[in-house]
Amino acid sequence: ASLRRDKLLSPPFATIRLGAASTTDATPANACVVVVTHAAGRMGESLVAQLHELWDREPAPGWTGGRDDLIIRAVVRTKEEATRLKIDLGGLVVRDNKATPLLDTSAWLDVRVVEDGGADEATELEAALAGASTVVLCSAAHA
């Protein structure tokens, strides 16, 4: 599912698996896909949040190509970075020793883990960039 500009976010406390990263591409064909590399760094995380907030503005930004759906594909290096990014962007509530996301970001955030120097790094990065309307390349120096 993707976030449509004319719909509200999922209700708070929706249950999602923290740290789970996408392994397949279920992106709608009409979605505007924006890829942000090194998304768990300070600069990348800020850009992901700003892109998401910008999407709700009227009129839609020119780079959207008139599409209604936004998917931000955030590329991180580890599962731990994926978990931290989801917590930072969606919030977290701990009740009765159980961690639950405050907001479900799965409608607009697609986190991909591409390990630096991993055996499948090139293939995984190519898959993460596939179908992108825009790519923002952040430096690892901003981590």
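Everything discussed here concerns the structure shown above.
1. Considerations on the pattern of salt bridges
In a structure, side chains of opposite charge can pair up when their charged atoms sit close to one another. By the definition in use, this model includes five salt bridges. Note that Asp-88 and Arg-84 form a salt bridge whose closest N and O atoms lie 3.8 Å from each other. One end of the pair is Asp-88 and the other is Arg-84, both in helix 2 (residues 79–90) and four residues apart, which spans about a single turn. According to the relative accessible area criterion, Arg-84 is partly exposed, its value standing at 38%. Note that Asp-110 and Arg-112 form a salt bridge whose closest N and O atoms lie 3.1 Å from each other.

2. A short note on the nonpolar core
In terms of nonpolar packing, the biggest core is built from 19 residues, with Val-36 and Val-48 touching the most fellow members. For this core, the secondary-structure elements that each account for two or more residues are strand 2 (31–36), helix 1 (42–55), strand 3 (69–76), helix 2 and strand 6 (109–113). If you tally residues by element for this core, the top one is strand 3, at four residues. Excluding its chain neighbours within four sequence positions, the residues that come into contact with Val-48 are Val-36, Ala-39, Ile-72, Leu-89, Trp-108 and Leu-109.

Rules used in this analysis
Residues numbered from 1 in each chain as written. Predicted model: local features only at pLDDT ≥ 70, side-chain atom pairs only at ≥ 80, totals over all residues. Heavy atoms only, no water. Salt bridge = Lys/Arg side-chain N within 4 Å of Asp/Glu carboxyl O. Helix = DSSP H or I, 4+ residues; strand = E, 2+ residues; numbered from the N terminus. Buried < 20%, exposed > 50% of the residue type's maximum accessible area, 1.4 Å probe, protein only. Core = buried A, V, L, I, M, F, W, Y, C linked by side-chain atoms within 4.5 Å. Contact = heavy atoms within 4.5 Å.

Functional significance is not addressed by these values, which are geometric in nature.
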